[in-house]
Amino acid sequence: MRHTVEEIAKALGAELFGDGSLTITGASEPASAGPEDLALAMNPDYAAGLSDGKARAAILWDGADWQALGLEAALVVPRPRYAMSGLTALLDPGPEIAPGIHPTAHVDPSATVGGGAAIGAFVYVGPRARIGANARIANHASIAEDAVLGDDALIHAGVRIGARVRIGDRFICQPGAVIGADGFSFVTPEKSRVEDARASLGKETEAINASWTRIHSLGGVEIGDDVEVGANSCIDQGTIRATRIGNRTKLDNLVHIGHNVEVGEDTLLCGQVGIAGSTRVGNRVVMAGQVGVNDNIFVGDDVVAGGSSKIFTNVPAGRVVLGYPAMKMDQFLEASRNWRRLPRLMDDVKALKNAVPKPGKDD
Amino acid sequence: MRHTVEEIAKALGAELFGDGSLTITGASEPASAGPEDLALAMNPDYAAGLSDGKARAAILWDGADWQALGLEAALVVPRPRYAMSGLTALLDPGPEIAPGIHPTAHVDPSATVGGGAAIGAFVYVGPRARIGANARIANHASIAEDAVLGDDALIHAGVRIGARVRIGDRFICQPGAVIGADGFSFVTPEKSRVEDARASLGKETEAINASWTRIHSLGGVEIGDDVEVGANSCIDQGTIRATRIGNRTKLDNLVHIGHNVEVGEDTLLCGQVGIAGSTRVGNRVVMAGQVGVNDNIFVGDDVVAGGSSKIFTNVPAGRVVLGYPAMKMDQFLEASRNWRRLPRLMDDVKALKNAVPKPGKDD
Amino acid sequence: MRHTVEEIAKALGAELFGDGSLTITGASEPASAGPEDLALAMNPDYAAGLSDGKARAAILWDGADWQALGLEAALVVPRPRYAMSGLTALLDPGPEIAPGIHPTAHVDPSATVGGGAAIGAFVYVGPRARIGANARIANHASIAEDAVLGDDALIHAGVRIGARVRIGDRFICQPGAVIGADGFSFVTPEKSRVEDARASLGKETEAINASWTRIHSLGGVEIGDDVEVGANSCIDQGTIRATRIGNRTKLDNLVHIGHNVEVGEDTLLCGQVGIAGSTRVGNRVVMAGQVGVNDNIFVGDDVVAGGSSKIFTNVPAGRVVLGYPAMKMDQFLEASRNWRRLPRLMDDVKALKNAVPKPGKDD
């Protein structure tokens, strides 16, 4: 991808200094930049790096003296982190998939594929699947029977999209993700040990788990527009109704979404998050890596869950949580500090017990 | 799948009211049911939904007045959750894999495939692999050399079954699961820092970790009958003897089973559970999502481990555990409540220290 | 693989007793050994097993009387665990991939493949990819455009190696691993709720998360020599610079490495470890299963993190940690013991409060 500095300035809404006609083919940290790289030096710590590298153009911190830094062109952007989105979009070549259907792909005659599609080697598209316009489907992906995929999809290598899954427009799916596997749902003829343990909050029980019988999954998966799913993540299909992922929600790698789960819009689920069956997660929620959420509960809008929070009960909208079990983050941090002080606290209490005269046994 | 209400009643052992000849093609929540759906209204909360939807037949709660609800047929079942297993089995069309061997599949001439098999597109079956009768193997699955797969297997897309893995009858494997990867086993020429840290329970040590040398895996994997493995789960092969999964045990998605692990029968391992090398897990155990189990320990029969329990030491049979580290669930819940009260407790102790006269320093 | 006991003795640096010409084809636990298996009886507990099995040769504990045990040959090794690496390497047949390029594979004409390669069924090698000498690439693996793979690689079934990923020599990759997926990086036009929650350590905030915009990944992945990656693990590419894995570092199954992460040399990351974006992990680090590491932090050389440690802040070199949040292991163990004693402590404090006269309210 080749752009002039002026084109980049325009795309980012950046202020341009110097020679806008310079050509850029990539972005780089300042110290390792080549002559056609745009160096990213958004704060003064990077000044030294600029002279180590060979960049002729850079994005600089506000107020930097680009000429003194030896540059021929410079950009200044209002919110550097946000500028990264525009810049990287410009420079990303995307996966290389030849237009049309690769000769080794297998597309069922009853499937429909929209115009402008690029379907890679060894792709499987099953009976009656419908794929929208401009789809890019990389090698080894599978789209099972009756699946529906909107326009402008980007499906990376080895993705598995199951039967009857329905996905909106502009879907991006990283390699190895599995959408629409069967839910994990088993039932015993009699009440099981698990049902008992839950009802009694862990009191010992005589019930045993045996003769697990499978509840099949008929409900499929429904995914909105502008959703992304990370590498090797799994979204199971619902039992009777669909498992649902709302518009603009993004899942990182190795995320597990159980059957019947409903995730709202604009939500981010980071690496290795797991959400158990039938739980509802609101809009604009952010769960950091390794967060776990119990089944059949509700996590409200705008909740932020810190790393590895283990959420056992409903979380009201807007709460910021952390911990195992998850609680308000500030509460966790305070209790956690105190927890490390426990040994000293135990000593204090012991000393107090010695200092305070014991009441007589016959009081 | 098309069934009469009468057929469904018979299959579920349900009591039938009204017109048993009605035809059903699917199941649905009451409010979204179409005229050929069986509405699932197993408790009175669903009564309103029934009038919003178009169902003519429903499974109802015991004592419901089906005629007043505007239905033409109704079923009542003794244990509604259990009835779901029979009902969904009836209505599940299963994956669509054409009978026979797909022309794009590669089956090694030395492999044997039982009668009635359906082997999908791009499937790989290696040298001397043996596949039982009626196997359904979806697109892109691999069955490596010398693997043995029993009768009636259902292998979903992209599953990897490694060399010399042996699996019983009626195996169900969700997409992307990997059975028989190499175990994670490395050793240093001298005692390593990890061995030292373990032996000393975390005391600082001078030993360093270097020159990790690979211990190869020769032991394979042995899986019993009626086992299920979830999407993208991994079961590593053993070092010298096999890693073993007992009859009727079910694994959810993204589960990790280390080398030499032995899991008993009728056990459920939920999403993202991880079991480290050489650990034994008993029969009828249930581990909720994200449970972690240390290596080289033992988890007894009938243990139930709540969400994200981190099990470091042996757990006796029948125990219900929770927490990090895992302890008896009621003990965890009590300590956990108190943990949140720590700030107040610290204040109390501080006040007590002020209130109690200090003994002289030279006491 | 067929070896004489003498060859094995030489390879392991073992002391040989008895008939070195005996032929060995496998290794086994003593009780289940066949006549051509080398029984592994490295401590006296296995003595009984030897008479149950049929082994004629064994590796024995130091000082064992091999003749009294009924053996024809015996080996004694200085460090039995270390001997396992040499022994299993000798006996591992490796995956069966026919030399040359399988007729069903698709290798782009612009790709280069070194001498001695074995490329399996349905393998995809993209434009301009470069694969070193003696590569063994199992069925269904993908090597995307411009990827570079060193000599002697062993790539198992269904591995996805993304565009521009660069990997050193002797790489071993288990099935389903994904190297070079896009990083999980989104930004909002205005400061987001997450940025606020972090800055305020969890105080409630009015900011909301919306309009997540994608930051594309341009940085690729760079992997050193002698690295191993486990089944279904994921290593995301960096944003601007590469995500890096150092020489001789080993990853277990289902590990997640976020974008821009740098992992040093000789480090072990066990099953289900997750490392969030831009974090640096030193050399000779060992992280046990399910450890989680925050983004943008630093874990020093020689750190050992116990099972499920959740590391939120920088860890200095050499520390042994455990817990959520992670702390020094001995500190965690002590606090953890005390935590279980909390109920008793609460009772003690309550009793003390009753025993100590309250100061007057108007003090």
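Conventions and cut-offs
- Residues numbered from 1 in each chain as written.
- Chains lettered and ligands numbered in written order.
- Predicted model: local features only at pLDDT ≥ 70, side-chain atom pairs only at ≥ 80, totals over all residues.
- Heavy atoms only, no water.
- UniProt positions renumbered as here; feature names shortened; annotations may be inferred.
- Least-squares fit on C-alpha atoms with pLDDT ≥ 70 in both.
- Contact = heavy atoms within 4.5 Å.
- Helix = DSSP H or I, 4+ residues; strand = E, 2+ residues; numbered from the N terminus.
- Polar contact = N/O pair within 3.5 Å; in protein donor to acceptor, adjacent residues only side chain to side chain.
- Buried area = accessible area lost by both parts, 1.4 Å probe.
- Salt bridge = Lys/Arg side-chain N within 4 Å of Asp/Glu carboxyl O.
- Buried < 20%, exposed > 50% of the residue type's maximum accessible area, 1.4 Å probe, protein only.
- Pairing = 2+ DSSP bridges.
- Right-handed = clockwise from strand over helix to strand, strands pointing away.

Per an unreviewed UniProt entry, chain A carries the name UDP-3-O-acylglucosamine N-acyltransferase and comes from Kangsaoukella pontilimi. Note on chain A: under the UniProt heading Pathway (unreviewed entry), the record states "Bacterial outer membrane biogenesis; LPS lipid A biosynthesis." Looking at chain A in UniProt, the text filed under Sequence similarities (unreviewed entry) is "Belongs to the transferase hexapeptide repeat family. LpxD subfamily."

Enquirer: Just checking my understanding: could you explain the relation of the copies chain A and chain B for this structure?
Expert: There are two copies of the chain, and a rotation about an axis plus a shift along that axis relates them. It takes a turn of 120° to lay chain A on chain B, together with a shift of 0.0 Å along the axis; the resulting RMSD is 0.1 Å. Each copy turns onto its partner about a three-fold axis. Mapped onto chain B, only 20% of the interface residues of chain A are again interface residues, and the two copies thus contact each other with different surfaces.

Enquirer: Explanation requested: the environment of Asp92(A) in the structure shown.
Expert: Mapped onto the elements of the fold, Asp92(A) is located in the loop between α3 (80-91) and β8 (100-101). When residues no more than four places from it in sequence are discounted, the contact partners of Asp92(A) are Met1(A), His216(C) and Leu218(C). Within polar-contact distance, the side chain of Asp92(A) engages the backbone nitrogen of Gly94(A) at 2.8 Å.

Enquirer: What is the right way to read the interface of chain A and chain B from this model?
Expert: The extent of an interface is frequently quoted as the accessible surface area lost upon association of the parts. With 80 residues of chain A at the interface, the matching set in chain B holds 73 residues. Overall, the association of chain A and chain B removes approximately 6,200 Å² of surface from exposure, summing both partners, and the carbon and sulfur fraction of that is 63%. Considering only the surface of chain A that becomes buried against chain B, Phe184(A), Ile240(A) and Tyr324(A) emerge as the three largest contributors, covering 12% of it. Run the count over chain A and chain B and you get four salt bridges. Linking Glu96(B) and Arg128(A) is a salt bridge whose minimum nitrogen-to-oxygen distance equals 2.7 Å.

Enquirer: Can you walk me through the pairing of strand β5 (residues 37-41) of chain C in this structure?
Expert: Where a strand is regular, its side chains alternate between the two sheet faces. All names here are of chain C. β5 sits mainly inside the fold: five of its five residues count as buried. Of the two faces of β5, the one lined by Asp37, Ala39 and Ala41 and the one lined by Leu38 and Leu40 are each fully buried. Of the pairings in the sheet, the one linking strand β4 (residues 26-28) to β5 comprises three bridges and is parallel in character. In the strand pairing of β5, Ala27 is matched with Leu38. Two elements, β5 and strand β6 (residues 57-60), share four bridges in a ladder whose sense is parallel. The residue of β6 that forms the bridge with Leu40 is Ile59. Handedness of the β5-helix α2 (residues 47-52)-β6 crossover: right-handed.

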